[in-house]
Amino acid sequence: MASRSGGEALLIDPVLEQTGRYLKLLEELDLKLVKVIDTHIHADHVSAMGKLRDATRCVTVMGEQSPTEVVSMRVGDNEKLTIEGLTLRALHTPGHTSESYSFLMDDRVFTGDTLLIRGTGRTDFQNGDPYDQYHSLFERLLKLPEQTFVYPGHDYKGDTVSTIAEEKAYNPRLNVSSAEEYAEIMNNLNLPNPKMMDVAVPENLKLGLRMEAQHRVPSVEVDALLADWPNVQMQLVDIREESERRRDGAIPGSIHLPYGRFASHCSDSGTLRSLNRNADLLIYCAVGERSTLAVEIANEYDLKGLAHLPGGFRAWKAAGGEIEAID
């Protein structure tokens, strides 16, 4: 999705085999992919999230409950996620899996595998729970305005969009009077496991830039930073989004330059170049993925004296580093 041709774009639940198609469409519409969301850890396909990150340096996004080892940005329930001209609200809708999220944008909701067209996502693996799903459906999604468009992650019959009103009226899984009745239906579906499950789940759990990949660019380890603290000679640069800083805090003394505008900060008149004249710079993000990509961008602009913090703010916090609250 994008608000205009030539602007920023976001993809939800992309499939690995379609990566070339996504990149071609982005090129044709002159769009810059800035965020990719996976609504949950998929069991029926391998996500294109990692390939799209490597091709476009986009930010990877999942819910904060996701068991994946590394994802650039985690969002919590009711948090806002923005790109140019568009704002989505994250809704934690567990049931299909424990980490399942839906995303609400104005008159439409992207429901992943929670609410399907004339169906609902199975609840018999990956910490799924029919009672959780009942509450996600009846206490959250079905309370949206009836004219809200419903875009599920996929549909096996080829349908692409419905509405809340249609699903209330015609979805057989929703024709129940209690959570117990719904759980009885879901617990007796007796479906075979997805054909790709043994491949897809392990692959989707490890799509992030893990520690070994984060050392492909200059880095300063958390232990070394703490050993010099607070007499650090480098200027710290926080490239997380403002919502992350307000939620989690920041390393004291950091300058905030969000990743979404990082390339412009590297230009001849950019903030990073002027900062870099006076000190070496240490870039950090949430878990080290965005900061790895940021150092690569800076190198392309021929900026010297930049490194990043592997493991990011999460590693700093886990090591007992000082944290500054952001108002």
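Calculation criteria
Residues numbered from 1 in each chain as written. Predicted model: local features only at pLDDT ≥ 70, side-chain atom pairs only at ≥ 80, totals over all residues. Heavy atoms only, no water. Buried < 20%, exposed > 50% of the residue type's maximum accessible area, 1.4 Å probe, protein only. Helix = DSSP H or I, 4+ residues; strand = E, 2+ residues; numbered from the N terminus. Arc of directions from axis to C-beta. Salt bridge = Lys/Arg side-chain N within 4 Å of Asp/Glu carboxyl O. Pairing = 2+ DSSP bridges.

You'll find the protein entered in an unreviewed UniProt entry as Rhodanese domain-containing protein, with Effrenium voratum given as the organism.

Caption draft 1: Representation of helix α6 (residues 197-205) in the model. What α6 keeps buried is the set M197, A200, V201 and N204. Buried residues of α6, viewed axially, fall in a sector of 95°; they line one side.

Caption draft 2: The pattern of salt bridges, seen in detail. Per the counting criterion, the structure on display carries 24 salt bridges. Between E146 and K168 there is a salt bridge; the shortest N-O distance is 3.4 Å. One end of the pair, E146, is in the loop between α3 (130-138) and β11 (149-152); the other, K168, is in helix α4 (residues 164-170), and 22 residues separate them in sequence. Residue classification places E146 among the partly exposed residues on the basis of a relative accessible area of 43%. Via salt bridges that share partners, D238, R240, E242, R245 and R246 belong to a single interconnected network.

Caption draft 3: Region of the structure containing the pairing of strand β8 (residues 108-112). Here β8 lies mainly inside the structure; 4 of its 5 residues are buried. Bridge count between strand β7 (residues 101-105) and β8: 3 bridges; the pairing is antiparallel. In the sheet register, F103 faces β8, and the bridge partner there is F110. Where β7 folds back on β8, the antiparallel hairpin that results is connected by 2 residues, among which D106 adopts a positive phi of roughly 55°. Bridge count for β8 against β11 is 4 bridges, and the pairing is parallel. Considered in β11, the bridge of F110 is made with Y151.

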